[in-house]
Amino acid sequence: NAGVTQTPKFQVLKTGQSMTLQCAQDMNHNSMYWYRQDPGMGLRLIYYSASEGTTDKGEVPNGYNVSRLNKREFSLRLESAAPSQTSVYFCASRGTGLSIQNIQYFGAGTRLSVL
Amino acid sequence: GQSLEQPSEVTAVEGAIVQINCTYQTSGFYGLSWYQQHDGGAPTFLSYNALDGLEETGRFSSFLSRSDSYGYLLLQELQMKDSASYFCALTETGGFKTIFGAGTRLFVKA
């Protein structure tokens, strides 16, 4: 059972380059999330998708775009990378329901450096 | 908007009990969650409170008081492997958007 899979695991970009971070889940979850985590900091929500076909902004959406390609996949795109986007990016998914199902499962993360 | 506050660091001795507090400001939310993250790893779910009171899961318990805008995570019989960062998180009314606190780094000493 793979859970949430993120690719790539590591990436180095030059300022101005673009790239797409991929995320896929095999748990048939409706909701998916993208977070960034800076050193010594908590997780900040970039975008989320409550269900297939919908996306919404989180706390720090500027400089990012997302696509909910289908129920399994949720990608994050940096159109023109900036050094301030150097961070660890986590994708997560969550099942339906509002009680014990309110568990987010996280991928292993993508460590991105922008030079 | 929402905000959560946690202590930045807590130190405790192996075998002891430690409580990590989380205070929050919000106009409404569904529940308070707790996650653990070891260095270099991904966050993993520990506990969730939808209602006021105590939830117990093995050595971990979590408590919520909506009237006091306050929750805590209680770790019993501390082990060295419990050294990690612990995050509280609010799920907004609507049930989808989740906001995390900055995290509490727990150091367990022998």
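What counts and what doesn't
- Residues numbered from 1 in each chain as written.
- Chains lettered and ligands numbered in written order.
- Predicted model: local features only at pLDDT ≥ 70, side-chain atom pairs only at ≥ 80, totals over all residues.
- Heavy atoms only, no water.
- Salt bridge = Lys/Arg side-chain N within 4 Å of Asp/Glu carboxyl O.
- Buried < 20%, exposed > 50% of the residue type's maximum accessible area, 1.4 Å probe, protein only.
- Contact = heavy atoms within 4.5 Å.
- Buried area = accessible area lost by both parts, 1.4 Å probe.
- Polar contact = N/O pair within 3.5 Å; in protein donor to acceptor, adjacent residues only side chain to side chain.
- Helix = DSSP H or I, 4+ residues; strand = E, 2+ residues; numbered from the N terminus.
- Disulfide = S-S within 2.5 Å.
- Pairing = 2+ DSSP bridges.
- Axes fitted to C-alpha atoms, helices over the stretch in contact; angles between N-to-C directions.

**Student:** It is not clear to me how the pattern of salt bridges should be interpreted in this structure. Could you clarify?
**Tutor:** Opposite charge on two side chains allows them to pair when their charged atoms are near. Residues and elements named next belong to chain A. Per the stated rule, a full pass over the model turns up five salt bridges over all chains. Where Asp38 meets Arg36, a salt bridge forms, and the shortest distance between an N and an O atom there is 2.9 Å. Overall, Asp38 belongs to the buried group, its relative accessible area being 14%. A relative accessible area of 8% places Arg36 in the buried class.

**Student:** What exactly am I supposed to notice about the interface of chain A and chain B here?
**Tutor:** Taken together, the contact pairs 25 residues of chain A with 20 residues of chain B. Both sides of the chain A and chain B interface together cover about 1,800 Å² of buried area, and 59% of this is carbon and sulfur. Taken together, the links from chain A to chain B amount to zero salt bridges. If you look at where chain A meets chain B, you find six residue pairs in polar contact (both at pLDDT 80 or more). Among the secondary structure elements, those contributing two or more residues to the side of chain A that touches chain B are strand S4 (31-37), strand S5 (43-49), strand S9 (87-94) and strand S10 (104-106) of chain A. Broken down by element, the side of chain A that touches chain B gets its largest block of residues, four residues, from S4(A).

**Student:** Explain the state of the cysteines here, please?
**Tutor:** Disulfides are covalent bonds that link the sulfur atoms of two cysteine residues. In total, this model carries two disulfides over all chains according to the counting rule given. With a sulfur-sulfur separation of 1.8 Å, Cys23(A) is cross-linked through a disulfide to Cys91(A). Between Cys23(A) and Cys91(A) the sulfur-sulfur dihedral comes to about -75°; the bridge is accordingly left-handed. Linking Cys23(A) in strand S3 (residues 19-25) with Cys91(A) in strand S9, this pair joins segments that are 68 residues apart in sequence. The pair Cys23(A) / Cys91(A) is uniform in exposure class, with both members buried. Each sulfur in the disulfide pair Cys22(B) and Cys88(B) lies 2.1 Å from the other. One disulfide, between Cys22(B) and Cys88(B), carries an S-S torsion of 75° and so falls in the right-handed class. Of this pair, Cys22(B) sits in strand S3 (residues 18-25) while Cys88(B) sits in strand S9 (residues 84-92); the two residues are 66 residues apart in sequence, bridging distant segments of the chain.

**Student:** Where do I start with the sheet that holds strand S6 (residues 53-57) of chain B in this structure?
**Tutor:** Neighbouring strands of a sheet are bound in pairs by backbone hydrogen bonds; such pairs are parallel or else antiparallel. All names here are of chain B. The five strands lie next to each other as S1-S3-S8-S7-S6, forming an open sheet whose pairing is antiparallel. The open sheet has two free edges, formed respectively by strand S1 (3-5) and S6, since each of these has just one partner strand. Looking at each pair of strands side by side, their axes are set apart by 20° on average, direction ignored. The sheet contact formed by S6 and strand S7 (residues 60-65) spans five bridges and is antiparallel. Note that in S7 the partner of Gly53 across the bridge is Leu64.

**Student:** Help me out: how do you make sense of the pairing of S7(B) in this one?
**Tutor:** Within a regular strand, the side chains alternate between the two sheet faces. Residue and element names in this part refer to chain B. For S7, a buried count of five out of six residues is recorded, marking the element as mostly surrounded by other parts of the structure. What sits between the antiparallel neighbours S6 and S7 is a turn of two residues, in which Gly58 has the positive phi angle 65°. Two elements, S7 and strand S8 (residues 70-75), share six bridges in a ladder whose sense is antiparallel. Within S8, the position partnered with Ser62 by the bridge is Leu73.

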